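Survey of secondary and tertiary structure
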Amino acid sequence: MEVGQMQRQWLDYTRSLFIEGFLDGQFLQLEQLQDDNNPDFVVEVVSLFFQDSHKLLNDLTIALDQKSVDFKKIDAHVHQLKGSSSSIGAQRVKNCCIAFRNFCEEQNTDACLKCLHQVKQECCLVKNKLETLFRLEQQIMAAGGSIPMMELSF
């Protein structure tokens, strides 16, 4: 595949991530922080997010499995996950966390369990989507091309 075709594929794929709500403008801001001195900045930040979110989701699973559920502790974990997902532009994860926190406030265990399942699913989806995006970027760079600038104009 020629570079121009890969770049168009990258643009179309990236645009779809925004249209489908996986990412928001914060992801573009994160990309703007990347430069020649730190070419893997976005991949590193996103990788750290997924490491942290994996631990938080495990902690949430354990906390919700207790006989006496500590909703303050759960809310603190969800708040942390919401903040970190927001910082990388993972919009659907962030939105799930907002609903999750509301159910924590209501101390609704069943709804919290449903939200936990949904947050896990959204984390998995956005992780797969971003891994595909990063693979496309690697292919473009390996072919001697550059990553096109993305503008939100759709």
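Residues numbered from 1 in each chain as written. Predicted model: local features only at pLDDT ≥ 70, side-chain atom pairs only at ≥ 80, totals over all residues. Heavy atoms only, no water.

Worth spelling out the cut-off: UniProt positions are given in the numbering used here, feature names are shortened, and annotations may be inferred rather than shown by experiment.
The name given to the chain in an unreviewed UniProt entry is Histidine-containing phosphotransfer protein, with the source organism recorded as Stylosanthes scabra. Reading the Function (unreviewed entry) entry of the UniProt record for the chain gives the comment "Functions as a two-component phosphorelay mediators between cytokinin sensor histidine kinases and response regulators (B-type ARRs). Plays an important role in propagating cytokinin signal transduction."

1. Some words on the overall build of the chain
This is how it is decided: Only DSSP runs of H or I reaching four residues or more are called helices, and only runs of E reaching two or more are called strands; each is numbered from the N terminus. To sort residues, take the accessible area from a 1.4 Å probe on protein chains only and compare it with the maximum for the residue type: under 20% means buried, over 50% means exposed, and anything in between is partly exposed. In what follows, residue pairs with any heavy atoms lying within 4.5 Å of each other are defined as contacts. For every accessible area listed, the method is Shrake-Rupley and the probe measures 1.4 Å; residues are considered covered only by the protein chains on display.
Within the chain one finds six helices and zero strands. Each helix and strand of the chain, placed in order from N terminus to C terminus, yields the pattern α-α-α-α-α-α. Principal-axis analysis of the C-alpha atoms places the extent of the chain at approximately 60 × 30 × 25 Å. Put simply, the chain has 154 residues, and 38% of those count as buried. A separation of at least 24 residues holds for 67% of the contacts in the chain among residues at least 6 apart in sequence. Surface exposure of the chain reaches about 9000 Å², of which carbon and sulfur atoms provide 48%.

2. Describing the packing of aromatic side chains
Remark: the centre distance and the inter-plane angle together describe each pair of aromatic rings, the angle taken between the planes. This is how it is decided: In this analysis, rings of Phe, Tyr and Trp, with Trp reduced to its six-membered ring, are considered paired at centre separations within 6.5 Å, and the interplanar angle assigns stacked below 30 degrees, edge-to-face beyond 60, and tilted for intermediate values. Definition used: whenever NZ (Lys) or CZ (Arg) falls within 6 Å of the ring centre and also within 35 degrees of the ring normal, the charge is taken to sit over that ring.
Within the structure shown, the criterion is met by one aromatic pair. Ring centres of Phe49 and Phe50 lie 4.9 Å apart, and the angle between their planes is 70 degrees; on these two criteria the pair is classed as edge-to-face. Since its relative accessible area comes to 11%, Phe50 is described here as buried. The ring of Phe22 carries Arg92 above its face, with NZ or CZ at 3.8 Å from the centroid.

3. Thoughts on the environment of Asn37
Among the structural elements, Asn37 can be located in the loop between helix H2 (25–32) and helix H3 (41–64). Asn37 sits in the exposed class, given a relative accessible area of 75%.

4. Points about the layout of surface pockets
Counted only if it meets this: Buriedness for pockets is judged along seven lines, at least five of which must meet protein on both sides within 12 Å for an open set on the 1 Å grid over protein atoms alone, while cavities are sets there where a 1.4 Å probe fits but cannot get out, and lining residues have an atom within 4 Å of a point. Grid points are joined across faces, edges and corners, and a volume is the space filled by probe spheres set on the points. Gly is put with the polar residues, along with every residue not named as nonpolar or charged; the nonpolar set is Ala, Val, Leu, Ile, Met, Phe, Trp, Tyr, Cys and Pro, and the charged set is Asp, Glu, Lys and Arg.
Each pocket or cavity is described by its volume, and for the largest pocket that value is around 640 Å³. Along the walls of the largest pocket sit 20 residues, with Glu31, Gln34, Pro39, Glu137 and Ile147 positioned nearest its centre. Where the lining of the largest pocket is concerned, the elements lending two or more residues are H2, H3 and helix H6 (109–142). No other element matches H6, which puts four residues into the lining of the largest pocket. Here the residues of the lining of the largest pocket sort into eleven nonpolar, four polar and five charged.

5. Quick notes on the pattern of salt bridges
Pairs can form between side chains of opposite charge once their charged atoms are near each other. The test is simple: By definition, a salt bridge exists where a carboxyl oxygen of Asp or Glu is found within 4 Å of a side-chain nitrogen of Lys or Arg.
Here the structure, examined in full by the defined rule, presents seven salt bridges. The closest approach of N and O atoms between Asp12 and Arg15, which form a salt bridge, is 3.6 Å. Residue Asp12 and its partner Arg15 are both found in helix H1 (residues 3–19); the two are separated by three residues, about one turn of the helix. The closest approach of N and O atoms between Glu122 and Arg92, which form a salt bridge, is 2.9 Å. One end of the pair, Glu122, is in helix H6; the other, Arg92, is in helix H5 (residues 91–106), with 30 residues separating them in the sequence. Note on Glu122: relative accessible area 10%, which makes it buried.

6. What about the nonpolar core?
Filter applied, for reference: Residues enter a nonpolar core if they are buried and are Ala, Val, Leu, Ile, Met, Phe, Trp, Tyr or Cys, with the set joined through side-chain atoms within 4.5 Å.
Grouped together as the largest cluster of nonpolar side chains are 44 residues, with contacts concentrated most on Leu23, Phe27, Val46, Ile74, Phe100, Val119 and Leu130. Broken down by secondary-structure element, the contributors of at least two residues to this core are H1, H2, H3, helix H4 (71–88), H5 and H6. With eleven residues, the single largest contributor to this core is H6.

7. Structural notes on H1
Just so we agree on the cut-off: A helix is expected to reach a length of 1.5 Å times the quantity of its residues less one.
The end-to-end C-alpha distance of H1 is 24 Å, a good match for the 24 Å that 17 residues give at a rise of 1.5 Å each. Listing the buried residues of H1 in full gives Gly4, Met6, Trp10, Tyr13, Thr14, Leu17 and Phe18. Phi turns positive one or two residues past the end of H1, at Gly21, with a value near 85 degrees.

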